[in-house]
Amino acid sequence: MRSVDDQLALVTDAAVAPKPVRISIVDALGMMCAEEVEADRALPGFAQAAIDGYAVRAVDVGGEAGLSGRHALADGEGRPAPASAPSLPVVGEIQAGSQQPLRLQPKQAMGVQTGAPLPSLADAVLPLAWSDRGRRRVVARRPVRSGDFVRRAGDDIRPGDVAVSAGSILGPAQVGLLAAVGRGKVLVYPRPRVSIISVGSELVDITRQPGLGQVVDVNSYALAAAAKEAGAEPHRVGIAAGEPRRLREIIESQLMRSEILVIAGAVGGRASYTVRQVLSRLGDIDTERVAMHPGSVQGFGLLGENRAPVFLLPSNPVSALVIFEVFVRPVIRRSLGRRAALRREVNARILNHLDSQPGREGFVRAQLMRDAETGDYLVEARGGAGGAPAHLLAGLAEANAMVHLPAETTHVAPGEVVSVRFLGQRS
């Protein structure tokens, strides 16, 4: 029986990013950049006011003798002007977006809005809070130094600088930076395409009322949702016919269109024999048991011309979702370029007793909470706890975490500290 760590190493080694595509930056959020994006323009493109105030020459408001007040606006607010405070005529006002070139003469001031271009000769901005807010003349209650409250041209980025590096994950800031340097499209590694197939003669789609011996196809819907939540582009194939020739056509077509293929119901049941017969003609499938519960029965292989990762999951939805969470999701995250492929784990004090199978790592659905007074994590196991069935889907739907038990742990008593893995955020 293979350990969870060994199985995880085996499957994550198969993670390959899809071929890069050029897309609109509007659609690039969360994707990995596949190129070095160099700026061909300065950012900002001109010297501009960083605050509402007055464009001045620092020397005209005592800047040579004063201290920089860039970070101390509140200190000067409301102070009366000293008797010798400089007073300058206000000869105009520049609004943000102004395209009219203006020139400031010595011993003059111009009103400026945040983001407005500075007139030539101006080298500082006197904040409104450091003035008497005069309209025709302004009294400077505090001096400013040259460069104070000014965003110089190229302060953020200069032409030739790398705005976004290859391998970066494009978040809101990166998308904004691409827009700022004039890039409407960017080369990215797209979301990996994941196809999900359900097999089993007992399955019917949700549009049909199941008869005696029939069950609704839960897996293709649940696993497609899990793939999307992980960041992939899911394709729910649905129920595949059990006839070998037709099944092979379906699998081959999905191997051509997808980076990852997931087949639910392909291990542990009668339908699994037909599936493995078909897959054996497309490559090698490893079905060695994994030392975990639930979900020890599973399979993995690299099939087709592109050697796409293929996961064989059991028909039970809880086991299938746990295997997906532990093994398939990390492959998707690696394909997206995420360095941290696994979800965060924290230590929490368990509220109920929990039994685990000897020699197997346990992944038990649970409800994670926070103590309002101490801030400590508390967790209540929902599946497999106190004799509760471990295969019921409703319990998994209530869970926001999984208790992760080491293989050597067979029993956990209330009050003990356990490792807990976060699941998707729920409102």
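Treat the numbers as computed from the prediction; the structure is a model and nothing was measured. (Residues numbered from 1 in each chain as written. Predicted model: local features only at pLDDT ≥ 70, side-chain atom pairs only at ≥ 80, totals over all residues. Heavy atoms only, no water.)

With respect to the sheet that holds strand S9 (residues 137-139)
Strands belonging to one sheet form pairs held by backbone hydrogen bonds; the direction of such a pair is parallel or antiparallel.
Logical step 1: The sheet built from five strands is open, its strands ordered S8-S5-S7-S6-S9 with mixed pairing. At either margin of the open sheet sits one strand with a lone partner, and together these are strand S8 (124-127) and S9. When strand polarity is set aside, the average angle formed by the axes of neighbouring strands in this sheet is 45°.
Logical step 2: Bridge analysis of strand S5 (residues 53-56) against strand S7 (residues 109-112) gives three bridges, and the strand direction is antiparallel. For Ala-55, the partnering residue across the bridge sits in S7 and is Met-110. (Pairing = 2+ DSSP bridges. Helix = DSSP H or I, 4+ residues; strand = E, 2+ residues; numbered from the N terminus. Axes fitted to C-alpha atoms, helices over the stretch in contact; angles between N-to-C directions.)

Brief notes about the packing of helix H4 (residues 219-229) against helix H7 (residues 317-335)
Logical step 1: Relative to each other, H4 and H7 sit at 30°, their axes nearing to 10 Å. One way to sum up the angle between H4 and H7 is to call them roughly parallel. Between H4 and H7 lies a crossing of right-handed hand. Every residue of H7 that contacts H4 at Asn-219, Ala-222, Leu-223, Ala-226, Ala-227 and Glu-229 is listed here: Pro-317, Ala-320, Leu-321, Phe-324, Arg-329 and Ile-332.
Logical step 2: For the contact of H4 with H7, a count of residues per class yields nine nonpolar, one polar and two charged. (Parallel < 35°, antiparallel > 145°, perpendicular 65-115°, else oblique. Left-handed = near helix turned anticlockwise from the far one by under 90°. Contact = heavy atoms within 4.5 Å. Nonpolar A, V, L, I, M, F, W, Y, C, P; charged D, E, K, R; others polar.)

Examining the pattern of salt bridges
Logical step 1: Summed over the entire model, instances satisfying the criterion amount to 16 salt bridges.
Logical step 2: Notably, a salt bridge pairs Asp-217 with Arg-236, separated by 4.0 Å at the nearest N-O pair. On the criterion of sequence distance, the pair formed by Asp-217 in the loop between strand S15 (215-216) and H4 and Arg-236 in strand S16 (residues 233-240) is long-range, its members being 19 residues apart.
Logical step 3: A residue is classified by how much of its surface remains accessible, and Arg-236, at 29% relative accessible area, is partly exposed.
Logical step 4: Note that Arg-343 is salt-bridged to Glu-325, the shortest N-O span being 2.6 Å. A residue pair is termed long-range when its members are at least 10 positions apart, and Arg-343 in the loop between H7 and strand S22 (345-350) and Glu-325 in helix H7 qualify at 18 residues.
Logical step 5: Under the relative-accessibility criterion, Arg-343 is labelled buried at 16%.
Logical step 6: Using a relative accessible area of 11% as the deciding quantity, one classes Glu-325 as buried.
Logical step 7: Bridged by salt links that share partners, the residues Glu-229, Glu-325, Arg-329 and Arg-343 form one connected network. (Salt bridge = Lys/Arg side-chain N within 4 Å of Asp/Glu carboxyl O. Buried < 20%, exposed > 50% of the residue type's maximum accessible area, 1.4 Å probe, protein only.)

Some details on the pairing of strand S25 (residues 377-381)
Logical step 1: The two faces of S25 differ: Tyr-377, Val-379 and Ala-381 on one face are buried, but Leu-378 and Glu-380 on the other face are not.
Logical step 2: Two elements, S22 and S25, share two bridges in a ladder whose sense is parallel. Note that in S25 the partner of Arg-349 across the bridge is Leu-378.
Logical step 3: Where strand S24 (residues 361-370) lies against S25, five bridges are found, and the strand directions are antiparallel. Bridge pairing in S25 links Gln-367 to Glu-380.
Logical step 4: Connecting S24 to the antiparallel partner S25 that follows it, the hairpin turn spans six residues, and Gly-375 within it adopts a positive phi of roughly 80°.

Side note on the sheet that holds strand S18 (residues 283-286)
Logical step 1: One open sheet accounts for six strands, arranged S16-S13-S17-S21-S20-S18; its pairing is mixed. On the outer flanks of this sheet lie S16 and S18, each paired with one strand and no other. Between one strand axis and the next, the sheet turns by 20° as a mean value, whatever way the strands run.
Logical step 2: Note: strand S13 (residues 193-199) against S16, seven bridges, orientation parallel.

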